[in-house]
Amino acid sequence: MRAVLIANPKGGAGKTTLATNLTGHFANAGKAVTLCDLDRQQSSLRWMAFRDPAMPPVTGYFAGNQMLINLPKEPDWVVMDAPAGLQGYKLSDYLRLVDKVVIPVVPSVFDMAATEDFLAAIRQEMRGRRHAIGIVAMRVDPRTRAASMLEEFLKHFDIPILSYIRNTQNYVNVAASGLTVFDPPRAKFRRDVEQWQPLLQWLEE
Ligand SMILES: Nc1ncnc2c1ncn2[C@@H]1O[C@H](COP(=O)(O)OP(=O)(O)O)[C@@H](O)[C@H]1O
Ligand SMILES: [Mg+2]
């Protein structure tokens, strides 16, 4: 079993979107995958409840109320969807459990400012495991000024941007029916799936 934590202290950064779509990727790749929803709002589990039983299956559970988390050993992958405002001992606990941490960041001045302390804390906690932290630039076109602002901001932290995920209603639409851009009909989401490739490769390293 390998585990990945999707975290960012800001609500709306794209954690649940990344967590559910990543889960969809693993399921479509024939892997056994479990979503561990750490957020009281349980958006990931709601997404799972909508999922068409004809689609590659995913399992999941709520763990936001547990003091000590034990991840299941059976699945190939556990994807952990963190709540907004995650910090302190809970953050440290989760970081100890996982192989990788993925941080979605929307390149707005507000989101970057809200993420600064978090990035510093994670870097400190993950000393010696630096290569296990990666950023996903969320809702951004890599050729824009917003993207270069984000790159400039992240230079301080020396954490790589793994993928750029464009702003598209595809993510909104699939979420509403328990689907992901990795589920059929695949032709419709080809551009989106392409954008995920560097992130997916990094996860497998
Ligand atoms: N790349 C994207 N393009 C368009 N909408 C997006 C994208 N990523 C996220 N969203 C939308 O933004 C909102 C917040 O995303 P969500 O994943 O719920 O964030 P978080 O879990 O960090 O609070 C959701 O309505 C989601 O559908
Ligand atoms: Mg969420």
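Higher on the page you've got the structure.
Residues numbered from 1 in each chain as written. Chains lettered and ligands numbered in written order. Predicted model: local features only at pLDDT ≥ 70, side-chain atom pairs only at ≥ 80, totals over all residues. Heavy atoms only, no water.

Asks: For this particular structure, what's the right way to read helix α4 (residues 109-125)?
Replies: Quick reminder: α-helices carry 3.6 residues per turn. Residues three or four places apart thus point the same way. Between its first and last C-alpha atoms α4 spans 25 Å; for 17 residues at 1.5 Å apiece the expected length is 24 Å, and the two agree. Those residues of α4 that are buried lie in contact with α3 (88-97), β5 (100-105), β6 (133-138) and α5 (145-155). (Helix = DSSP H or I, 4+ residues; strand = E, 2+ residues; numbered from the N terminus. Expected span 1.5 Å × (residues − 1). Contact = heavy atoms within 4.5 Å.)

Asks: So what exactly am I meant to see when it comes to the side chain of aspartate 192 here?
Replies: Tracing the chain through its elements places aspartate 192 in helix α7 (residues 190-204). Residue class for aspartate 192 comes out buried when judged on its relative accessible area of 0%. A distance of 2.7 Å separates a polar atom in the side chain of aspartate 192 from a polar atom in the side chain of arginine 166. Setting aside its immediate chain neighbours within four residues, aspartate 192 contacts Arg166, Thr168, Asn170, Tyr171 and Val181. (Buried < 20%, exposed > 50% of the residue type's maximum accessible area, 1.4 Å probe, protein only. Polar contact = N/O pair within 3.5 Å; in protein donor to acceptor, adjacent residues only side chain to side chain.)

Asks: So what exactly am I meant to see when it comes to the sheet that holds strand β7 (residues 161-165) here?
Replies: In a beta sheet, neighbouring strands pair by backbone hydrogen bonds and run either parallel or antiparallel. Taking strand neighbours across the sheet as the criterion, the 7 strands line up as β3-β2-β4-β1-β5-β6-β7 in an open arrangement whose pairing is parallel. The sheet is open, and its two edges are formed by β3 (59-62) and β7, each paired on a single side. The average angle at which neighbouring strand axes cross in this sheet is 20 degrees, direction not considered. Where strand β2 (residues 33-37) lies against strand β4 (residues 77-81), 5 bridges are found, and the strand directions are parallel. Bridge pairing in β4 places threonine 34 opposite valine 78. Docked against the sheet, α5 engages β5, β6 and β7, running at close to 160 degrees with respect to β7. Sitting on the sheet, α7 touches β1 (2-6), β4, β5, β6 and β7, and the angle it makes with β7 is about 150 degrees. (Pairing = 2+ DSSP bridges. Axes fitted to C-alpha atoms, helices over the stretch in contact; angles between N-to-C directions.)

Asks: What exactly am I supposed to notice about the nonpolar core here?
Replies: Nonpolar side chains in soluble globular proteins generally cluster together in the buried interior. If you look at the biggest cluster of nonpolar residues, it comprises 36 residues, and the most contacted ones within it are Leu5, Leu38, Met80, Ile103, Leu119 and Ile122. When contributions to this core are tallied by element, the ones reaching two or more residues are β1, β4, α3, β5, α4, β6 and α5. For isoleucine 103, the residues in contact, after removing those within four places along its chain, are Ala7, Asn8, Thr115, Phe118, Leu119, Ile122, Ile133, Gly134, Ile135 and Val136. Among the nonpolar cores identified, the runner-up in size contains 31 residues, and Leu22, Val33, Val58 and Tyr171 belong to it. (Core = buried A, V, L, I, M, F, W, Y, C linked by side-chain atoms within 4.5 Å.)

These figures capture arrangement, not role.
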